[in-house]
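Listed below are the residues making up each chain.
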Amino acid sequence: MNKKPSRSLAQELDRYITPFRYDGSGKFHLKDYKTNEKGDLDKEAAQEILEANKKRLIEFQEKLYAQDRWSVLIVFQAMDAGGKDSAIKAIFEGINPQGCEVTAFKAPSSKELDHDFLWRHAVALPERGHIGIFNRSHYEECLVTRVHPEILARQKLPQKLVTKNIWKERFEDISAFERHLCRNGTLVLKFFLNLSKDEQRERFLARLEEPAKQWKFSLDDIKERALWPRYQAVYQDIVRHTATPHAPWYVVPADHKWFARVVIGSAIVAALEKLDLRFPRADKASLEEFELVRKALEKEGKEGKRRAK
């Protein structure tokens, strides 16, 4: 009897990936993506998938680092309390920190403002063999800057370049930037943690009630919350204009953190599987050298035993 061919990771995890992936094909409306989706899972089943994905990710990272050809850029965007920090911590637990770096982008410094808006992100890109995680990213330059025009005014752009087309131009620049990365061996994965306003309120309240989390809260969070409709409209515009087949967006249901981690982890390991990562094979000259070293070590061991008698 013929055995059925084993399914790939991408096939196995597809139900947690494809429904939330948008690559620019067809129309995109953020309201079509539920924030409270749980798939067919409960917390216990989700934890099993999360643990399996962590093991897979550790194995892929070892090969990625050893092969030293590809790099991986993972972008996280979300409203405040969207769960970016906890998702990164949970999904990348056990990863070798030597080959993985998280960069959190805050308000730009005076030095960064003396460069173009992509400069500080370009210098933080992962090198070959490494995973780079952007906790907020170059997309802030089309998000917060758009919601708060006064931030754009501080970016020292020549006034004649600040036109009604600036956001369209930035979308074009970002898409070209990501296409360049993909053409040069960087896998780009972008996750928007799609949180509901009600769930954000509950998470803010939980932060206020738990002393260990109060440091995360500020009144600015409430000010930004008042601009919720504007942020949602801009996020929709960002995804709609910058999703491409080579750098798609994953619109992750974020009301249930445990399901969000399943979606994110599954998308990452499925994408890494497609890179066909392998440990490098030694060439003939190296194998001959290894054989000489092996014989020398074995000889040393035998001589040591003789001296010990």
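Refer to the structure presented above.
Below or above, wherever it landed, is the structure these notes cover. (Residues numbered from 1 in each chain as written. Predicted model: local features only at pLDDT ≥ 70, side-chain atom pairs only at ≥ 80, totals over all residues. Heavy atoms only, no water.)

In this structure, Arg261 sits in helix H12 (residues 257–273). In this view, Arg261 contacts Leu50, Ser86, Ala87, Ala90 and Ile91; residues no more than four positions away in its chain are not counted. (Helix = DSSP H or I, 4+ residues; strand = E, 2+ residues; numbered from the N terminus. Contact = heavy atoms within 4.5 Å.)

Tallying each qualifying case throughout the model produces 10 aromatic pairs. Where Trp258 meets Phe259, the ring centres are 6.4 Å apart and the plane angle is 80°; that geometry is what we call edge-to-face. By relative accessible area, Phe259 is classed as buried at 1%. Members of the aromatic cluster, each reached through a chain of ring pairs, are Tyr16, Phe20, Trp258 and Phe259. (Phe/Tyr/Trp six-rings, centres within 6.5 Å; stacked < 30°, edge-to-face > 60°. Buried < 20%, exposed > 50% of the residue type's maximum accessible area, 1.4 Å probe, protein only.)

The next point concerns empty space enclosed by the protein. Taken as a whole and judged by the stated rule, the model has 2 cavities of 30 Å³ or more. Space inside the largest cavity adds up to approximately 40 Å³. Lining the largest cavity, in full, are Gly82, Gly83, Ser86, Ala87, Leu193, Ala254, Lys257, Ala260 and Arg261. Contributions of two or more residues to the lining of the largest cavity are made by helix H3 (84–91) and H12. Examining the composition of the lining of the largest cavity, we find that 3 residues originate from one element, H12, more than from any other. For the second largest cavity, the calculated volume is near 30 Å³. (1 Å grid on protein atoms, 1.4 Å probe; cavity = no way out; pocket = protein on both sides within 12 Å on 5 of 7 lines; lining within 4 Å. Points joined across faces, edges and corners; volume = space filled by probe spheres on them.)

Bringing the nonpolar core into the picture now. In terms of nonpolar packing, the biggest core is built from 47 residues, with Ile74, Phe92 and Phe191 touching the most fellow members. Residue assignment for this core shows that the elements contributing at least two residues are helix H1 (9–13), helix H2 (43–67), strand S2 (71–78), H3, strand S4 (131–135), strand S5 (186–194), strand S6 (249–253) and H12. For this core, the element with the highest residue contribution is H12, accounting for 12 residues. Excluding residues that lie within four positions of it along the chain, Phe92 makes contacts with Leu57, Ile74, Cys100, Ile131, Ile133 and Ile268. Leu73, Val75, Phe134 and Phe192 belong to the second-largest nonpolar core, a separate cluster that totals 31 residues. (Core = buried A, V, L, I, M, F, W, Y, C linked by side-chain atoms within 4.5 Å.)

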